[in-house]
Amino acid sequence: MNVWCEQLVVAGTVTPRVRIVGEAGGTVARLEQGVDPSPRDLRLGLVIPGIANAHSHAFHRLLRGRTHDRGGDFWVWRERMYQAARSLEPDVYRAVARAVFAEMLCAGYTAVGEFHYVHHRPDGTPYPHRMELALSAAAAEVGIRLTLLDTVYLAGGIGVPLSPEQRRFGDASASAYLERWHSLAEQIPGLGAALHSARAVPPEAMKEVVAGLPPDVPLHIHVSEQPQENQSVRDAYGVTPVRLLHDLGILSARLSVVHATHLTQEDIGLLGDAGVAVVMCPTTEADLGDGIGPARELLDAGAVLAVGSDQNAVIDPLLEIRGLEMQDRLRSLRRGRFTPAELGRAAGAGGYRALGLPEPLRPGGLFDLVELDTRSARTVGAAPEQILLAATSADVQTVVVGGRVVASSGVLADGLRPQDLLADALREAS
Ligand SMILES: [Zn+2]
């Protein structure tokens, strides 16, 4: 398929009248600038590269709009999340993920990193790969690009065994995880990996897992989301979580750290020097009262930024990108903390890199794009290079993944609507 667009906006640069020529395999052969459309081209308006959701737990969507009544903090919310996890078995998990991935696609996310830890039956006995294959099938059904981040989760806290609710998340040991991961990798191409956190994986196990994975596999970890996490790591090991990862030799350009909210100056320097990707999840960090991470400082130090919807209380990549800028304004009392180019890179190239994927919409890159409505009540009059700061997911029109239209104006290519899939999935999960 070839696409012609009135305007192509890549990292803050606007190019008029661009023809995107595809090639077999769903990649871009070349971009032709300032040209007329050919008769068979799909004609679009303002187009941006595909947007990566670099951190998701699909099943957390079950809690949306249901946890605002009793206050509390992250840890109180976590108890309710454990309750939601109880209902999951492979068919329900597949239905929930399919609906949530459908919502993501229609909202403009073309790729997702699913940080998956609900591996086993509630009592901890295995479903051999059934939960993982359910996620993979759900993504394939709707057409989103999935990097499954299969997660190692060994402890309920530092020196604390898994609680009964956590038993289904856990593998018996680092080597049991690695055995499961390598067997799964034969069935799921492009499989990624994750260490849940420094709370849930002891240092020696982190080291063993990282050494046992192929060196090019994307690796993610939750880091310093909550002050209590930092405190327990300090109490046990005498260092911050970032410093611990550094000392274990785990900080590298293939690592993505999620949240990175409560950091020291030294932490920022270590993450920047290693060129890690930092996945900020602004809507979740606000929803859970996590705090605001030093995104600007991390970018200046050399880290790559990406965004994620995390608990999926909000699925809107434009609000996530805008949240990155707005929360930094609230923190710094300054406007324009990120240029439109930097925000564009976090949405596209940065997120794709975090998921181990080539940059979208470049020659040789992935043919993934999102068309935005420039004439809606929200966007009319906006400068094209600033549209990420005006549009919402309601302005997402055509979505293309791998050179194929997968969604259009809130409806999947096969005519199904995310809200219907979500209603069915919620019924199955209740
Ligand atoms: Zn998370």
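Throughout what follows, the structure given in this document is the object of discussion. (Residues numbered from 1 in each chain as written. Predicted model: local features only at pLDDT ≥ 70, side-chain atom pairs only at ≥ 80, totals over all residues. Heavy atoms only, no water.)

Turning to the packing of aromatic side chains, a few remarks are in order. Enumeration over the complete set of coordinates arrives at five aromatic pairs. Measuring from ring centre to ring centre gives 5.8 Å for tyrosine 117 and tyrosine 153, while their planes differ by 40°; the resulting arrangement is tilted. Taken together, the positions of tyrosine 117 in the loop between β6 (109–116) and α3 (130–142) and tyrosine 153 in the loop between β7 (145–152) and α4 (174–185) put the pair 36 residues apart, joining distant regions of the chain. Tyrosine 153 shares its class with tyrosine 117; the two are buried. An aromatic cluster of at least three residues, connected via ring pairs, comprises Phe59, Tyr117, Tyr153 and Phe169. (Phe/Tyr/Trp six-rings, centres within 6.5 Å; stacked < 30°, edge-to-face > 60°. Helix = DSSP H or I, 4+ residues; strand = E, 2+ residues; numbered from the N terminus. Buried < 20%, exposed > 50% of the residue type's maximum accessible area, 1.4 Å probe, protein only.)

This model, assessed by the stated rule, comprises 25 salt bridges. Arginine 180 is the partner of aspartate 171 in a salt bridge, and the nearest nitrogen-oxygen pair spans 2.9 Å. Residue aspartate 171 is classed as buried on the basis of its relative accessible area, which comes to 9%. In the salt-bridge network here, residues are joined through shared partners; they are Arg19, Arg30, Glu32 and Asp41. (Salt bridge = Lys/Arg side-chain N within 4 Å of Asp/Glu carboxyl O.)

With 13 residues, α3 should cover 18 Å at 1.5 Å per step; its first-to-last C-alpha distance of 19 Å lies within 8% of that length. Along α3, the residues classified as buried are Met131, Glu132, Ala134, Leu135, Ala138, Ala139 and Val142. Buried residues of α3, seen end-on, are gathered within an arc of 160° and therefore sit on one face of the element. On its buried face, α3 is in contact with α2 (90–107), β6, β7, α4, β15 (404–408) and β16 (411–412). Phi turns positive, to about 100°, at glycine 143, one or two residues after α3. (Expected span 1.5 Å × (residues − 1). Arc of directions from axis to C-beta. Contact = heavy atoms within 4.5 Å.)

Around the zinc ion, the protein contributes the donor atoms His55 (NE2), His57 (NE2), His222 (NE2) and Asp310 (OD), which lie 2.1 to 2.7 Å from the metal centre. If you list the donors of the zinc ion from N- to C-terminus, the spacing comes out as H-x1-H-x164-H-x87-D. On the criterion of sequence distance, the pair formed by histidine 55 in strand β5 (residues 51–56) and histidine 222 in strand β9 (residues 219–223) is long-range, its members being 167 residues apart. Taking the relative accessible area as the measure of exposure, histidine 55 reaches 0% and is therefore buried. Look at histidine 222 and you get buried, because its relative accessible area is 6%. (Donors = N, O, S within 2.8 Å, 3.2 Å for Na, K, Ca; no water.)

The next subject is the environment of alanine 382. Residue position: alanine 382 is located in the loop between β13 (369–372) and β14 (396–401). A residue is classified by how much of its surface remains accessible, and alanine 382, at 29% relative accessible area, is partly exposed. Taking the C-alpha atoms as reference points, alanine 382 and serine 309, 73 residues apart in sequence, are found 25 Å from one another.

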